[in-house]
Amino acid sequence: MLPDSAAAPERTFLNRRALLAGLAGGATLATPAAADWLDIFRSKPAPPPGPDPTAGLYPVPRNDAYQLDRPLTPEDVVVGNVNFYEFSSDKPTAARLAQRMDIRPWTVKIDGLVEAETTVDIDALIRRFALEERTYRHRCVEAWSIAVPWSGFAMSKLIEFAKPLPAARYVRFETFGNASWAPGQKQSWYPWPYADAFTMAECANELAFMATGAYGKPLNRANGSPLRAILPWKYGFKQPKAIVRVSFLDARPKGFWERVQGFEYGFWANVNPEVPHPRWSQARERDLATGEMRPTQIFNGYGRYVAHLYEGKEGERLFM
Ligand SMILES: Nc1nc2c(c(=O)[nH]1)N[C@H]1C(S)=C(S)[C@@H](COP(=O)(O)O)O[C@H]1N2
Ligand SMILES: [Mo]
C-alpha cells in the first residue's frame, strides 16, 4: 500500500502542473495520479446498493420550458465518465469507485444566516417538493459537454425552505467528507470538502436547480446522489455533488477550484467562448458521447435567463 506520505503534496502538485503544462488543448483539470491506479487494485467491490427509498417517485413530469439544441447524451456515458475528485481524477475510475458511497441515511445541514439552523433528512427534503424533469446542457471547463435530463426541484424552493435572513448574500453548497469511501479525500493538498457558492440572486434564478435524479430515476452516485446543484450557465465545476450542507453567508467564500488554482478558476465561472482558460481555448466544446465539436455559446446558451444578473459587474473577473 502506498503510504500517503509517499505523495508529498507539493511534489505531486508540481508534477501535476508540469503534466498539465504539456497538454496543448487536451484539457483536463488534472491527470490520473499513481494513487488512483493503485486504488483500482486495492478497492473492494462496492456493497450492493440498497433500494433507493425515493425510487418510486420517478420518472417525474418533464418541464418543457427548457429545450435542447442537441440530442440527449446516452445515460451510460453520463454515468460512466464523471468528474468526482473525491474518488479519482480518472473519469471511469471515479464513476466506479463512487458506487461505494452509502447514501442512506443522509442529512443536509442548513446553517449560517437563517432564521433557525436545522438538519433535514434527505428523503423528507425530496418529498417536500413536486419533482420535475429538465433537459439542460452541461459544459465542463475542460471543454467537453453533455446534455442531461435531470430530475429535481428549483433551487429557489430550497432557499425558501431554509428561511435566510436579510443579511444573507451568498449560498455555499458543501459535499460530504468521508475518506473511508473517497480515497481522493486522503490527498491532503486539496481543500476538502468540495464546495462552491453563488449569490442569492443566482440561486433565485429560475434555471438554478437541485438534482435528485436523472434519466427518470434517482441520481446515480457517480453524478452526485442524493443531491446536487445545477446552474447550467456556469462551468460544471460550480456544481457540487452529494451535498451535505447548505450555508447562508454574508461574505463571498472561495470554491474548491478557486482555492486550488485561483488564477485559473474564479467565483463567477460563467461559460464564455471568448475568455480562454489560461491553458486552452473555450471557443468550442467536444460532445462527450460522439466527439463532435460545437461552438460554445455565451452563458452556455442561457443568456436570456441570466445575462441581467451580471450587468454592472464588468469590472470583475466574470467568466473564469
Ligand atoms: N463533489 C464534487 N462535485 C463536483 C466535482 C467533483 O470533483 N466533486 N466535479 C465538478 C465538475 S468539474 C463537473 S464538470 C461536474 C461533472 O458532473 P458529472 O461528472 O456528473 O458529469 O461535477 C462537478 N461537481
Ligand atoms: Mo468540470
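Scroll up for the structure.
The shown structure was predicted, so the numbers you read here are calculated from the model rather than taken from an experiment.

### A few points about the sheet that holds strand β1 (residues 107-112)
Taken in spatial order, the 5 strands line up as β2-β1-β10-β5-β6 in an open sheet, and their pairing is mixed. Bordering the open sheet on either side are β2 (118-121) and β6 (195-199), each of which pairs with just one other strand. Along the sheet, successive strands turn relative to each other by an average axial angle of 20°, direction set aside. Two strands pair when backbone bridges link them, and strand β5 (residues 170-175) and β6 are joined in this way by 5 bridges, in the antiparallel orientation. The residue bridging R172 from the neighbouring strand is A197, located in β6.

### With respect to the side chain of D287
Topologically, D287 is positioned in strand β11 (residues 284-287). Within polar-contact distance, the side chain of D287 engages the backbone nitrogen of A289 at 2.9 Å. If near-sequence neighbours (up to four positions away) are discounted, D287 is found in contact with S145, E292 and R294.

### Comments concerning the site of ligand 1
Among the 19 residues in the neighbourhood of ligand 1, the closest are listed as Y85, E86, N223, R228 and Q239. T175 has a polar side-chain atom sitting 3.0 Å from a nitrogen atom of ligand 1. Within the contact set of ligand 1, an oxygen atom lies 2.9 Å away from a side-chain nitrogen or oxygen of K241. For ligand 1, whose accessible area on its own is 530 Å², the fraction buried by protein is 100%. A majority-of-atoms criterion places ligand 1 in the largest cavity. Of the residues assigned to the shell around ligand 1, the class counts are 10 nonpolar, 6 polar and 3 charged.

### Digging into the pattern of salt bridges
Scanning the model with the defined rule gives 20 salt bridges in all. Across the salt bridge formed by E285 and R70, the nearest N and O atoms sit 2.9 Å from each other. Taken together, the positions of E285 in strand β11 and R70 in the loop between α2 (34-42) and α3 (75-80) put the pair 215 residues apart, joining distant regions of the chain. We classify E285 as buried; its relative accessible area is 1%. The salt bridge partner of R139 is E285, with a shortest N-O separation of 3.1 Å. Of this pair, R139 sits in strand β3 (residues 132-139) while E285 sits in strand β11, and the two are 146 residues apart along the sequence. E285 carries the same exposure label as R139, and that label is buried. Among the charged side chains, a network of salt bridges with common partners joins D69, R70, R137, R139 and E285.

Cut-offs applied
Residues numbered from 1 in each chain as written. Chains lettered and ligands numbered in written order. Predicted model: local features only at pLDDT ≥ 70, side-chain atom pairs only at ≥ 80, totals over all residues. Heavy atoms only, no water. Pairing = 2+ DSSP bridges. Helix = DSSP H or I, 4+ residues; strand = E, 2+ residues; numbered from the N terminus. Axes fitted to C-alpha atoms, helices over the stretch in contact; angles between N-to-C directions. Polar contact = N/O pair within 3.5 Å; in protein donor to acceptor, adjacent residues only side chain to side chain. Contact = heavy atoms within 4.5 Å. Near = heavy atom within 4 Å. Areas by Shrake-Rupley, 256 points an atom, 1.4 Å probe, with all protein chains shown as cover. 1 Å grid on protein atoms, 1.4 Å probe; cavity = no way out; pocket = protein on both sides within 12 Å on 5 of 7 lines; lining within 4 Å. Sits in = over half its atoms within 2 Å of the grid points. Nonpolar A, V, L, I, M, F, W, Y, C, P; charged D, E, K, R; others polar. Salt bridge = Lys/Arg side-chain N within 4 Å of Asp/Glu carboxyl O. Buried < 20%, exposed > 50% of the residue type's maximum accessible area, 1.4 Å probe, protein only.

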